[in-house]
Amino acid sequence: TEPDGYYMKTIERVVLEIPHYSSGLDEAYSSAEEAKQAIIDNKDKNKSCEFCILPIVTVGWDGEVA
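Residues numbered from 1 in each chain as written. Predicted model: local features only at pLDDT ≥ 70, side-chain atom pairs only at ≥ 80, totals over all residues. Heavy atoms only, no water.

Trainee: Looking at this structure, I do not really get the overall build of the protein. What am I missing?
Mentor: Helix and strand content of the protein: one helix and two strands. Starting at the N terminus and ending at the C terminus, the protein contains elements arranged as β-β-α. Relative to a compact globule of 66 residues, whose C-alpha radius of gyration would be 11 Å, the protein shows 18 Å and is clearly more extended. Dimensions of the protein along its principal axes, counting C-alpha atoms only, are 55 × 35 × 20 Å. (Helix = DSSP H or I, 4+ residues; strand = E, 2+ residues; numbered from the N terminus. Rg over C-alpha atoms; globule rule 2.2 N^0.38 Å.)

Trainee: What is the right way to look at the layout of surface pockets in this model?
Mentor: Unoccupied space between atoms shows up once a probe the size of one water molecule is rolled over them. When its volume is computed, the largest pocket comes out at roughly 960 Å³. In terms of lining, the largest pocket is formed by 29 residues, of which the most central are Glu17, Pro19, Phe51, Cys52 and Ile53. Residue composition of the lining of the largest pocket, grouped by class: 18 nonpolar, five polar and six charged. (1 Å grid on protein atoms, 1.4 Å probe; cavity = no way out; pocket = protein on both sides within 12 Å on 5 of 7 lines; lining within 4 Å. Points joined across faces, edges and corners; volume = space filled by probe spheres on them. Nonpolar A, V, L, I, M, F, W, Y, C, P; charged D, E, K, R; others polar.)

Trainee: It is not clear to me how the environment of Ser31 should be interpreted in this structure. Could you clarify?
Mentor: You can see Ser31 is positioned in the loop between strand E2 (7–9) and helix H1 (32–41). You can call Ser31 partly exposed: its relative accessible area is 28%. Measuring from C-alpha to C-alpha, the distance between Ser31 and Val15 comes to 23 Å, with 16 residues separating the pair along the chain. (Buried < 20%, exposed > 50% of the residue type's maximum accessible area, 1.4 Å probe, protein only.)

Trainee: Quick question: what am I supposed to make of the environment of Val57 here?
Mentor: Within the secondary structure, Val57 is located in the segment after H1. For Val57, a relative accessible area of 57% gives the class exposed. Among all residues touching Val57, those that are not within four sequence positions of it are Val65 and Ala66. (Contact = heavy atoms within 4.5 Å.)

Spelled out as structure tokens, the structure:
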């Protein structure tokens with residue numbers, strides 16, 4: 001919290017981290033659906049966590065998107 005005039009305001013910061021190995025999750029999956037299913041399968045190990053699934057897009061030297 002920090003002062004904001006007469007009031008106190010709360011600042012919340014979120015940091016993206018790679019999941020720990022004890023979470024039952026890998027660093028990379030081949031699809032968002034596979035990542036979501038892994039989170040569901042390991043929900044007991046990851047209580048009170050929020051996950052962000054980021055797609056990785058590769059553009060080759062010839063402009064081909066993979």
